[in-house]
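In case you want the letters, here they are:
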Amino acid sequence: MTPSGFFVVVEGPEGAGKSTLAAALADRIRLSGVEPVVVREPGGTPVAEAIRRELLDPERHWRPEAELLYFATARADLVHRVVQPALDVGRIVLSDRYALSTEAYQVAGRGLSPDFVGHFNSAATGGLQPNLTLILDIPSDLGEARQRAAGKAQDRLDRESREFHRRVEQYYRSSGGEHIRHLDATLPPEQVLRQAWEELRRARPESFGAFPG
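Now for a quick tour of the structure.

The rules behind each value
- Think of each chain on its own: its residues are numbered from 1, step by step along the sequence as written.
- The model is predicted, so local features are restricted to residues of pLDDT at least 70 and side-chain atom pairs to those at 80 or more, both for listing and for counting; the totals for chains, interfaces and linings are taken over all residues.
- Values reported for side chains reflect all heavy atoms of the structure, with hydrogen atoms and water molecules removed beforehand.
- Helix and strand definitions here come from DSSP, where helices need a minimum of 4 consecutive H or I residues and strands a minimum of 2 consecutive E residues; each element is numbered from the N-terminal end.
- We call a residue buried when its accessible area falls under 20% of the maximum for its residue type, exposed when it is over 50%, and partly exposed in between, using a 1.4 Å probe and counting protein chains only.
- Points on a 1 Å grid, built from protein atoms alone, make a cavity when a 1.4 Å probe fits but cannot get out and make a pocket when they are open with protein on both sides within 12 Å along at least 5 of 7 lines; residues with an atom within 4 Å of a point are the lining residues.
- Grid points are joined across faces, edges and corners, and a volume is the space filled by probe spheres set on the points.
- Each residue is assigned to one class: nonpolar for Ala, Val, Leu, Ile, Met, Phe, Trp, Tyr, Cys and Pro, charged for Asp, Glu, Lys and Arg, and polar for all the others, Gly among them.
- In the analysis that follows, any N or O atom pair within 3.5 Å is treated as a polar contact, provided that within protein one partner can donate a hydrogen and the other can accept it, and provided that, for residues neighboring in sequence, both atoms belong to side chains.

1. As for the environment of V89
Thought 1: Residue position: V89 is located in the loop between α3 (64–88) and β3 (92–96).
Thought 2: Given a relative accessible area of 65%, V89 falls into the exposed group.
Thought 3: For the pair V89 and F120, spaced 31 residues apart in sequence, the C-alpha separation works out to 26 Å.

2. Digging into the layout of surface pockets
The rolling of a water-molecule-sized probe over the atoms marks out the regions of remaining empty space.
Thought 1: Put simply, the largest pocket is a space of about 740 Å³.
Thought 2: As for the largest pocket, its lining consists of 35 residues, and the residues nearest its centre are E14, K18, S19, D96 and R97.
Thought 3: Listed by contribution, the elements that provide at least two residues to the lining of the largest pocket are α1 (18–31), α2 (46–56), α3, α4 (99–109), α6 (140–150) and α8 (189–203).
Thought 4: Element by element, the count of residues in the lining of the largest pocket is highest for α1, at five residues.
Thought 5: Taken together, the residues of the lining of the largest pocket sort by class into 16 nonpolar, eight polar and eleven charged.
Thought 6: In this structure, the second largest pocket encloses a volume near 340 Å³.
Thought 7: Looking at the lining of the second largest pocket, the elements that each hand over two or more residues are β1 (6–11), α4 and α5 (114–125).
Thought 8: When its residues are assigned to classes, the lining of the second largest pocket shows seven nonpolar, nine polar and two charged.

3. Describing the side chain of N121
Thought 1: Inspection of the secondary structure puts N121 in helix α5.
Thought 2: A relative accessible area of 7% places N121 in the buried class.
Thought 3: A polar contact of 2.7 Å, which involves the side chain of N121, links it to the side chain of R75.
Thought 4: Within polar-contact distance, the side chain of N121 engages the backbone oxygen of A99 at 3.2 Å.

4. So, unusual backbone geometry
Thought 1: With an omega of -15 degrees, the peptide bond between E41 and P42 qualifies as cis.
Thought 2: If you check the backbone angles, R97 has positive phi at about 85 degrees while not being a glycine.
Thought 3: You can see R97 is positioned in the loop between β3 and α4.
Thought 4: For R97, a relative accessible area of 11% corresponds to the buried category.

Structural measurements only, silent on function.
As structure tokens, then:
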């Protein structure tokens, strides 16, 4: 990756507002004079979008291992065809979910071995790590209530048990690292965007330091 490329990922459990924040951040980045490459997982390429439809179809029933392989295949195609090439030419890439989602859902949610999941994540990403990961923290019950209030049609993962979603939520809350930042997703969207923009400015002051939130 070239020094000027920058990879931002938005993560969190169902109903946290990831897609809302990713779209708002992309708009805010454009106002600073930069056109980001915006992707989602699973998805972002014809192959990955086809896999997304299969993975989220509520009529499908996948073993955890097969589900993991599908997610890894979609991610590998997205990284190879879109994310890495964009970073290589100095673009800012903004992704709605990435490898941490697989840890949260397939390790904490499904109970697969961290080493087993880590092997496939490594293969899919080629070792590519985000420069900044923004985790939206929200109680799983509140996330579910938000989805109901918005009239969102439930996909296969939405229909998992409350215990499953609580395990996912707790995994996200416990995740940490040098490039991970937690945001309070119970706040109104404009306040969440303000938090996210401040983290982006701190992480990339040469590009966004002159643009207040």
